[in-house]
Amino acid sequence: MAGGGLAAPAGGGTQFEAKITPIVIISCIMAATGGLMFGYDVGVSGGVTSMGPFLKKFFPVVYRRTQAGDHDSNYCKYDNQGLQMFTSSLYLAGLTATFFASYTTRRLGRRLTMLIAGVFFIIGVILNAAAVNIEMLIIGRILLGCGVGFANQAVPLFLSEIAPTRIRGGLNILFQLNVTIGILFANLVNYGTAKIKGGWGWRVSLGLAGIPALLLTVGSLMVVDTPNSLIERGHLDEGKKVLKKIRGVDNVEPEYLELVEASRVAKLVQHPFRNLLKRRNRPQLIIAMALQIFQQLTGINAIMFYAPVLFNTLGFKDDASLYSAVITGAVNVISTVVSIYSVDKVGRRFLLLEAGVQMFISQTVIAVILGLKLKDSTSSTLPSGLAIMVVIMVCTFVSAFAWSWGPLGWLIPSETFPLETRSAGQSVTVCVNLLFTFVIAQSFLSMLCHFKFGIFLFFSSWVLVMSVFVLFLVPETKNVPIEEMTERVWKQHWLWKRYMDDDDEHRVEGGKGIDGEKNGHRNGFDPVSQL
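Residues numbered from 1 in each chain as written. Predicted model: local features only at pLDDT ≥ 70, side-chain atom pairs only at ≥ 80, totals over all residues. Heavy atoms only, no water.

(A) Local environment of the pattern of salt bridges. Under the counting rule described, the total for this entry stands at 10 salt bridges. Residue R488 pairs with E484 through a salt bridge whose shortest N-O separation is 3.5 Å. For E484, a relative accessible area of 10% gives the class buried. Two residues, E487 and K491, come together in a salt bridge whose shortest N-O distance is 3.1 Å. Given a relative accessible area of 23%, K491 falls into the partly exposed group. The network of salt bridges with common partners includes R110, E161, E232 and R422. (Salt bridge = Lys/Arg side-chain N within 4 Å of Asp/Glu carboxyl O. Buried < 20%, exposed > 50% of the residue type's maximum accessible area, 1.4 Å probe, protein only.)

(B) Quick look at the packing of helix 12 (residues 236–247) against helix 13 (residues 253–267). Axis separation between helix 12 and helix 13 bottoms out at 10 Å; the angle between their running directions is 135°. Relative to helix 13, helix 12 is oriented oblique. In this structure, the crossing between helix 12 and helix 13 has a hand that is right-handed. Across the interface between the two elements, L236, K240, L243 and R247 of helix 12 pack against E253, E255, Y256, L259 and V260 of helix 13. (Axes fitted to C-alpha atoms, helices over the stretch in contact; angles between N-to-C directions. Helix = DSSP H or I, 4+ residues; strand = E, 2+ residues; numbered from the N terminus. Parallel < 35°, antiparallel > 145°, perpendicular 65-115°, else oblique. Left-handed = near helix turned anticlockwise from the far one by under 90°. Contact = heavy atoms within 4.5 Å.)

(C) Expanded view of the nonpolar core. With 146 residues, the main nonpolar core has F54, F121, W405 and F444 as its most contacted residues. Top contributing element to this core by residue count: helix 7 (residues 134–162), with 12 residues. Both domain 1 (18–225) and domain 2 (272–499) contribute no fewer than three residues apiece to this core. F121 has contacts with M37, D41, L144, G147, V148, A151, A213 and L216, leaving out every residue within four places of it along the chain. Core analysis: the second largest hydrophobic core is formed by 7 residues, L285, F417, A424 and V432 among them. (Core = buried A, V, L, I, M, F, W, Y, C linked by side-chain atoms within 4.5 Å. Domains from an automatic or database assignment.)

(D) Summary view of the state of the cysteines. For the structure on display, the rule yields 1 disulfide. Note on cysteine connectivity: C76 is disulfide-linked to C449, with sulfurs 1.9 Å apart. Negative torsions about the S-S bond denote left-handed disulfides, and the value of about 90° found for C76 with C449 makes this one right-handed. With C76 in the loop between helix 4 (60–66) and helix 5 (81–107) and C449 in helix 22 (residues 419–451), this residue pair connects regions lying 373 residues apart in the sequence. (Disulfide = S-S within 2.5 Å.)

(E) Molecular detail of the environment of P413. By the secondary structure assignment, P413 is in helix 21 (residues 405–416). Along the backbone, P413 and Q284 are 129 residues apart, and their C-alpha atoms lie at a distance of 7.1 Å. Each residue touching P413, except ones within four places of it in the same chain, is listed here: A288, L291, Q292, L408 and T429.

(F) Region of interest: the side chain of T217. In this structure, T217 sits in helix 10 (residues 210–222). Within polar-contact distance, the side chain of T217 engages the backbone oxygen of G118 at 3.4 Å. Discounting chain neighbours no more than four positions away, the residues touching T217 are L115, G118, V119 and I122. (Polar contact = N/O pair within 3.5 Å; in protein donor to acceptor, adjacent residues only side chain to side chain.)

(G) Representation of the packing of aromatic side chains in the model. For the structure shown, the criterion picks out 13 aromatic pairs. Seen from their ring centres, Y40 and F185 are 5.3 Å apart, and the 50° between their planes marks the pair as tilted. Of the two residues, Y40 is situated in helix 2 (residues 33–48) and F185 in helix 8 (residues 168–193); the sequence distance between them amounts to 145 residues. The class for F185 is partly exposed, based on a relative accessible area of 28%. Grouping aromatic residues by their ring pairs yields a cluster made of F54, F58, F59, F86 and W202. Above the face of the F86 ring, R141 is positioned so that its terminal group lies 4.8 Å from the ring centre. (Phe/Tyr/Trp six-rings, centres within 6.5 Å; stacked < 30°, edge-to-face > 60°. Lys NZ or Arg CZ within 6 Å of the ring centre and 35° of its normal.)

(H) Quick peek at the environment of A213. Along the chain, the position of A213 falls in helix 10. Taking relative accessible area as the criterion, A213 reaches 0% and is therefore assigned buried. Excluding residues within four positions of it along the chain, A213 makes contact with M37, G118, F121 and I122.

(I) Structural context of the side chain of S362. Within the fold, S362 resides in helix 19 (residues 348–373). Owing to a relative accessible area of 1%, S362 belongs among the buried residues under this scheme. From its side chain, S362 meets the backbone oxygen of M359 in a polar contact 3.0 Å long. Residues contacting S362, with those up to four places away along its chain left out, are M393, T396 and F397.

Below you can see the structure in the form of structure tokens.
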């Protein structure tokens, strides 16, 4: 089956042959279990921190505040820096780990980096489930955070590089789909374990994270590394063999030569992070960083981290709050499936812009309902009809995020950086994401206490800003081969093309310019012989 989703570029290009082989599907599913682990960690913390026995053991001040008879502000009963640190420490550790993960991804390969992530996850799960004090609890979360840093660095790269171009978007979103499944799984587990008598249900919730941790570890042992990674590390024959295997055709020479050429240019870059700051890489860097910042400023993680806590704050009882969190988790999964089927058809920009409108409206409606009907005292609750409306609006918001900013925040950066800066670019992407995830996780309960219902207006105003950013500055990357982004995307954009026109900026440290390398190949130069 010819094509592989590659339309010939206007300036002349190669149409690679590729079949959707079972090994591609299996490899991508196994790799995407890193998302399952990440999602479970995101979802489980919110449910656990709303459980009375957990709060009583580790955060007695918060536990006393949530009991009947305490007349603090409805919005402030969960405001506690230690409780927020339990959630956010994972992301601070992930932020630090991503710098090491950048090195292992480049030097040891995507596959081994995923294995390291799995080992961190398993150790962290054991410590959390067996925790007897707050220190043990936080150390476990930090180790889980290290796993997140390594997994988020390697998995999106693995998925982008191993998938044929025409289904690259869909397969890459498997990572995000597994994140949403992990969140739903965590919400279901929390709903069940909250009913366990004896007060140890939270240990079961934290311990069951071992299931996705094992899946990721075993999966990383079973998958093959990507041809890009093998060639980048000098294993040319093995890279070509794997390329034939994953494409399902013998004629892989054109794609192989392009990968070798890109790898050779990448090797000339002695300082990937310094090269990332060069003028020609600025559009990719700006967009990647902006997408990560905006992704967190939608407010999604505030809702997913603290969904049960949030619904408790809105006056729902314990069971009702966990049940509502399960509903939003299910909507999250279903909407991510929508993204898998639509991202390579309608494109990235359409999904981002449509979702912006949907998220803005839903958050504004939530703010209006809470502002008019929820009084600032712990005895106040929403009328049942309005409570259902809040859940519907939260689901509307979550669905929009799940088919747009959630998966595309990871997909677009992973497919736009050239090979010579891809590992460094992914590292910066993960770093910025985890930094702002940490900020939101550490501050949301305090913001909820001070902003009250205005917290939703705060996030909706950012949704407006990010939609304008997408409208003018984010180009469409649907069905464009990764190695042809410069010619077919950046040089065609009204603003970013200005960063591509300076020939001096197309030179890499210590060697010929990238354009010169490609021209040499097309004029009969053999890049393989030069490695």
